[in-house]
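The primary structure of each chain is shown beneath.
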Amino acid sequence: MLSALKVTALPKNGKAGEVILPGVAEGFRHVVTDTSKGPFHVVAYLERELPQGGIPAYLAARNTGARSFVLWDGPERRSRLATLVTTSAGEGVSVYQVWGGQGELVGTLVREKALSGKGLRTRWTVAQTGCPEAVGFKGRIFWWYVWWLLFPVQLAIGVGSLLSGSGDVARGPRRVIWRAGQEVPMEFRSDEDEVQVHAQWADLRLAAALSALIRTFDSWMGTPWDDGK
């Protein structure tokens with residue numbers, strides 16, 4: 001593993017232990033960290049790029065699968081590490097492009113929602129410019145089968161949790177393993193909510209954008225970072 005990228009919320013008081021964290025005073029709420037480099041090694045500062053119409057317009061477009069955000073290389077917002085834009089979204093299929101700070105296309109990400117016409121599981125395609133295309137599926141068939149068998153029990157637990165304000169519900173399988181031929185360049189580990197990079201040729205900017213994008217599709221039991229009002 002070369003990197004382990006995950007979306008991390010910044011503490012509201014601006015401190016991690018006794019260390020004052022940059023970004024809080026500048027209005028950032030989330031960053032992408034590389035946990036392989038340390039407990040709080042910041043790779044990028046995350047910020048939604050709002051369309052005309054502001055937050056209401058973003059949230060309305062979000063329901064169709066559209067996303068747009070910036071990965072800043074510092075809290076001062078002097079330069080962009082990468083920018084993710086939506087090129088098309090609808091009928092369960094969303095296509096995103098990731099652009100570098102100099103206006104170069106880093107790669108394309110495609111999300112095909114489960115049961116949208118191409119399979120029983122959500123399919124993620126990562127196409128980095130000049131590199132092999134990598135395809136991954138959300139969860140393994142076996143674990144989805146087990147999860148659906150236990151769904152009535154989980155539903156009962158979920159109702160009890162809502163009524164009591166306690167307890168927890170097992171989420172569906174979320175691990176994604178991207179394969180490009182015989183190689184596994186990246187994988188999303190649901191236990192840590194992080195994208196692990198294995199291939200030397202994988203662009204860190206694309207991987208960071210992917211880790212941020214996945215966390216915006218965090219299901220109704222999750223906590224998407226980009227849905228705040």
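Given the structure is predicted, the values throughout are model-derived calculations rather than measurements. (Residues numbered from 1 in each chain as written. Predicted model: local features only at pLDDT ≥ 70, side-chain atom pairs only at ≥ 80, totals over all residues. Heavy atoms only, no water.)

## So, unusual backbone geometry
Thinking step 1. In this structure, glutamate 91 takes a positive phi of about 55° despite not being glycine.
Thinking step 2. With respect to the secondary-structure elements, glutamate 91 resides in the loop between strand E7 (80–90) and strand E8 (93–100).
Thinking step 3. A positive phi angle, near 55°, is found at aspartate 193, a position not held by glycine.
Thinking step 4. Among the secondary structure elements, aspartate 193 is positioned in the loop between strand E13 (183–189) and strand E14 (194–197). (Helix = DSSP H or I, 4+ residues; strand = E, 2+ residues; numbered from the N terminus.)

## Focus on the pattern of salt bridges
Thinking step 1. Applying the stated criterion to the full structure yields 15 salt bridges.
Thinking step 2. For the salt bridge of arginine 62 with aspartate 226, the shortest nitrogen-to-oxygen distance reads 2.9 Å. You can see arginine 62 sitting in helix H1 (residues 54–62) and its partner aspartate 226 sitting in the segment after helix H4 (204–214), a full 164 residues away along the chain.
Thinking step 3. For aspartate 226, a relative accessible area of 0% corresponds to the buried category.
Thinking step 4. A salt bridge links glutamate 104 to arginine 205; the nearest nitrogen and oxygen atoms lie 2.6 Å apart. On the criterion of sequence distance, the pair formed by glutamate 104 in the loop between E8 and strand E9 (105–112) and arginine 205 in helix H4 is long-range, its members being 101 residues apart.
Thinking step 5. Here the salt bridges do not stand alone but share partners, grouping Arg174, Asp193, Arg215 and Asp218 into one network. (Salt bridge = Lys/Arg side-chain N within 4 Å of Asp/Glu carboxyl O. Buried < 20%, exposed > 50% of the residue type's maximum accessible area, 1.4 Å probe, protein only.)

## Examining the nonpolar core
Thinking step 1. Residues Leu71, Leu109, Trp178 and Leu210 are the most contacted members of the largest nonpolar core, which totals 36 residues.
Thinking step 2. Per element, the largest residue contribution to this core is eight residues, and it comes from H4.
Thinking step 3. Counting seven residues, the second-largest nonpolar core is a separate cluster that includes Leu21, Phe28, Val70 and Trp72. (Core = buried A, V, L, I, M, F, W, Y, C linked by side-chain atoms within 4.5 Å.)

## Brief notes about the packing of aromatic side chains
Thinking step 1. If you walk through the whole model with that rule in mind, you get three aromatic pairs.
Thinking step 2. Aromatic side chains tryptophan 124 and phenylalanine 217 sit 6.0 Å apart centroid to centroid with 75° between the ring planes, which places their arrangement in the edge-to-face category. Of this pair, tryptophan 124 sits in strand E10 (residues 123–128) while phenylalanine 217 sits in the segment after H4, placing them 93 residues apart in sequence.
Thinking step 3. Over the ring of tyrosine 58 we find arginine 48, and its NZ or CZ is 5.4 Å from the ring centre.
Thinking step 4. Taking NZ or CZ as reference, arginine 67 lies 4.0 Å from the ring centre of phenylalanine 217, over its face. (Phe/Tyr/Trp six-rings, centres within 6.5 Å; stacked < 30°, edge-to-face > 60°. Lys NZ or Arg CZ within 6 Å of the ring centre and 35° of its normal.)

## As for the pairing of E10
Thinking step 1. Of the strand pairs in this sheet, E9 and E10 are connected by six bridges, and their pairing is antiparallel. Note that in E10 the partner of threonine 108 across the bridge is alanine 127.
Thinking step 2. As paired elements, E10 and strand E11 (residues 134–137) share four bridges and run antiparallel to each other. Note that in E11 the partner of valine 126 across the bridge is alanine 134.
Thinking step 3. Connecting the antiparallel pair E10 and E11 is a turn made up of five residues, with glycine 130 showing a positive phi of about 80°. (Pairing = 2+ DSSP bridges.)

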